[in-house]
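Here is what each chain is made of, one letter per residue.
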Amino acid sequence: MHTFFLSCLDCIVLTAVVVLVPATVHSATWDIDIEVLRLLKQSIDPNTIPRSSFLSSWNFAADPCESAGGQFQGILCTNPLDGSNSRITEIYLDSIGYDGFLTPSIGNLTELTTLDLSRNSFRGPIPDSISNLRKLTTLSLPGNFFTGIIPVGLIRLKKLQKMDLSYNNLSGSIPANISGLRSLTHLILSHNGFSGRIPDFTGAWQLHTLDLGWNQLYGNLPKFPISLRTLSLGHNLLSGHISRVGNLMKLKSLDLSYNRFTGTISHGILSLPKVVRIDVSVNRFTAIEVIKISGETELQEFNAQINLLRGHLPINFVTYRNLTSINLARNQFSGRIPAEYGAKLGNSWRNLFLDHNLLTGDLPPQFNSATRRIRGSLSKNCLSCPRIIPFCRGGQRPDSECVGQTDGGELQIKH
């Protein structure tokens, strides 16, 4: 009996061990997060998941946060030291053409800081549940086929720093309260179908990049945060004056092209201390103010082609020491080409387009010897411009269009 008792006791102990061990085994990743990943993969057409892709490596026989090697690519997790479950913090899908929908369950990844689904073929609306991702700092969904409006709840994402929804099929207006995202540094909504007026963005006081180009936005310019470095509003239906831009002292790149702006391109914009590139082409500006600059400016490229600018060519452009490219083509400038322009040609100016104006007179001599490294055109003016000169290729206007165009009070005859 004694021996039997010992053997039974051993059995009991062994049995207890067998029962307890499974109780301590658990998934390192929180079960809800695993289920979201599973639903995300299931929402993608399997025919668009190549073997070499990130999604193909999502094998749910393994734990997402504990897997090694090539499994669960594109996933980053927390690494808790207290024995609690790991949580998904970042999702990066490779740009390989995944075709499907973004599952509403994405809102359950409450520790997510980055969601990047760039350049795929996601369709349908951006789910409202995305507003549950209160720790999200980066939302990058460009180059897909998302439709519908910007979810209203996005205003709750107070930690959001970068939002890129460009190159989609989104529509509706830009939410007026988007300025409440005070951590936002980059907002890129270009190449969509947004309409309405641009809201006041001054509340987003850390905003560096604002790109709303290639939409259907209309109306006057609003107030902008003075922190802006890049402002891109090209290819819209915007109108009115652009004087509000003149106080953006940190601005480096300005694109207002292909709109309906009117009035004057003021010296306050041209002389912004940090601006490198200005594109105000294809608008309805009628005047330009270029003051003499005595100090350093950063402006390198200026494009004002296809406007209604008139008068003489601005001589003070020659005082912009870093300027290399000027495009004033297809306006209504008249009179001679300043001799000072010739001195700049080939010295620092590499691109000079003055074609399709009403310029008259002889060319500064430097135009006759300009090297082929310099790009530009003087065609379709009323100049004495021999076609043997590269700048003159394309010919001048017919005499009938040059009648009344004078230089120094005398009628100009083209050669």
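Details of the structure are given in the entry above.
Computed from a prediction, not measured in an experiment: that's the story for all the values here.

Basis of the calculations
In this convention, every chain numbers its residues from 1, walking through the sequence in written order. Per-residue local features of the predicted model are confined to residues with pLDDT of at least 70, and side-chain atom pairs are confined, for both listing and counting, to 80 or more; whole-chain, interface and lining totals are unaffected and use all residues. To obtain the side-chain values, all non-hydrogen atoms of the structure were used and water was disregarded. Helix and strand definitions here come from DSSP, where helices need a minimum of 4 consecutive H or I residues and strands a minimum of 2 consecutive E residues; each element is numbered from the N-terminal end. Three exposure classes are used, based on accessible area relative to the maximum for each residue type with a 1.4 Å probe and protein chains only: buried under 20%, partly exposed in between, and exposed over 50%. Note on contacts: a residue pair is in contact if any heavy atoms of the two residues lie within 4.5 Å. Disulfides are defined in this document as cysteine sulfur pairs within 2.5 Å. Two strands make a pair as long as DSSP finds a minimum of two bridges between them. Residue types Ala, Val, Leu, Ile, Met, Phe, Trp, Tyr and Cys, when buried and joined through side-chain atoms within 4.5 Å, form a set referred to as a nonpolar core. When a carboxyl oxygen of Asp or Glu lies within 4 Å of a side-chain nitrogen of Lys or Arg, that pair is called a salt bridge. Stacked, tilted and edge-to-face pairs are distinguished by plane angle, under 30 degrees for stacked and over 60 for edge-to-face with tilted covering the rest, among Phe, Tyr and Trp rings (Trp via its six-membered ring) whose centres lie within 6.5 Å. Definition used: whenever NZ (Lys) or CZ (Arg) falls within 6 Å of the ring centre and also within 35 degrees of the ring normal, the charge is taken to sit over that ring. In this scheme, a helix's expected span is set at 1.5 Å multiplied by one less than its residue total. The directions from the helix axis to the C-beta atoms are what the arc is built from.

*Asks:* Can you break down the side chain of Ser121 residue by residue, with the values?
*Replies:* Checked against the element boundaries, Ser121 lands in strand S5 (residues 121-125). Relative accessible area serves as the criterion here: at 19%, Ser121 is assigned to the buried category. Those residues within four positions of Ser121 in sequence are excluded, and the remaining contacts are Gly97, Tyr98, Asp99, Gly100, Asn144 and Phe145.

*Asks:* Could you give an account of the state of the cysteines, with specific residues and numbers?
*Replies:* Per the stated rule, a full pass over the model turns up three disulfides. Note on cysteine connectivity: Cys382 is disulfide-linked to Cys402, with sulfurs 2.0 Å apart. Torsion about the S-S bond of the Cys382 and Cys402 cystine: about -90°, corresponding to left-handed handedness. You can see Cys382 sitting in strand S27 (residues 382-384) and its partner Cys402 sitting in helix H5 (residues 399-402), a full 20 residues away along the chain. On the accessibility criterion, Cys382 (2% relative accessible area) is buried. Judged by its relative accessible area of 4%, Cys402 is buried. Shown here is the disulfide that connects Cys385 with Cys392, its sulfur atoms set 1.7 Å apart. Because the sign of the S-S torsion sets the handedness, a value of about -80° for the bond joining Cys385 and Cys392 places this disulfide among the left-handed ones.

*Asks:* Could you give an account of the sheet that holds strand S25 (residues 358-362), with specific residues and numbers?
*Replies:* Within the open sheet, the four strands sit side by side as S21-S23-S25-S27. Their pairing is parallel. Of all the strands in the sheet, just strand S21 (310-311) and S27 have a single pairing partner and so form its edges.

*Asks:* So what about the environment of Leu212? Which residues, and what values?
*Replies:* Checked against the element boundaries, Leu212 lands in the loop between strand S12 (209-211) and strand S13 (216-219). Sequence separation between Leu212 and Tyr98 is 114 residues; the distance between their C-alpha atoms is 26 Å. Discounting residues that sit within four places of it in the chain, Leu212 has contacts with Ile174, Leu189, Ser190, Ile198, Phe201, Leu217, Ser232, Leu233 and Asn236.

*Asks:* Which residues make up the pairing of strand S9 (residues 169-172), and what values do they have?
*Replies:* Sheet topology places strand S7 (residues 145-148) next to S9; two bridges connect them, and they run parallel. Bridge pairing in S9 links Thr147 to Asn169. Here two bridges tie S9 to strand S11 (residues 193-196), and the two strands are oriented parallel to one another. When the bridges of S11 are listed, Ser171 appears paired with Gly193.

*Asks:* Account for the nonpolar core, with residues named and values stated.
*Replies:* Ranked by size, the top nonpolar core spans 102 residues in total, and within it Ile91, Leu115, Leu139, Leu231, Phe302, Phe317 and Ile337 carry the most contacts. Sorting the residues of this core by element identifies helix H2 (31-42), strand S2 (88-92), strand S17 (260-265), helix H3 (267-270) and strand S19 (284-288) as the ones contributing at least two each. Examining the composition of this core, we find that three residues originate from one element, H2, more than from any other.

*Asks:* Help me get a handle on the pattern of salt bridges, residues and values and all.
*Replies:* If charged atoms from side chains of opposite charge come close, those side chains can pair. Per the counting criterion, the structure on display carries seven salt bridges. Among the ionic pairs, Arg397 bridges to Glu401, the shortest N-O distance being 2.8 Å. Since its relative accessible area comes to 17%, Arg397 is described here as buried.

*Asks:* Break down the packing of aromatic side chains for me, with residues and values.
*Replies:* For the coordinates displayed, the defined rule picks out eight aromatic pairs. Ring centres of Trp58 and Phe72 lie 6.1 Å apart, and the angle between their planes is 25°; on these two criteria the pair is classed as stacked. Of this pair, Trp58 sits in the loop between H2 and strand S1 (75-77) while Phe72 sits in the loop between H2 and S1, and the two are 14 residues apart along the sequence. On the accessibility criterion, Trp58 (2% relative accessible area) is buried. According to the relative accessible area criterion, Phe72 is buried, its value standing at 3%. When the centroid spacing of 4.9 Å and the interplanar angle of 75° are considered together, the rings of Tyr341 and Trp349 count as edge-to-face. Using a relative accessible area of 0% as the deciding quantity, one classes Tyr341 as buried. Its relative accessible area of 0% is what places Trp349 among the buried residues. One aromatic cluster in this structure is built from Trp58, Phe60 and Phe72. A cation over an aromatic ring shows up here: Arg38 above the ring of Phe60, its NZ or CZ 4.7 Å from the ring centre.

*Asks:* Before we move on, can you summarise the pairing of S5 with the specific residues and values?
*Replies:* One ladder, built from three bridges, connects strand S3 (residues 99-101) with S5; its direction is parallel. Opposite Phe101, over in S5, you have Arg123 as the bridge partner. Sheet analysis places S5 next to S7, joined by three bridges and oriented parallel. Within S7, the position partnered with Arg123 by the bridge is Phe145.

*Asks:* Explain H2 residue by residue, including any values.
*Replies:* With 12 residues, H2 extends 16 Å between its outermost C-alpha atoms, agreeing within 8% with the 16 Å of an ideal straight helix rising 1.5 Å per residue. Within the span of H2, buried status applies to Asp33, Ile34, Val36, Leu37 and Leu40. With its buried residues spanning 160° around the axis, H2 presents them on a single face. The exposed residues of H2 that point more than 90 degrees off its buried face are Asp31 and Gln42. Packing partners of the buried residues in H2 comprise S1 and S2.

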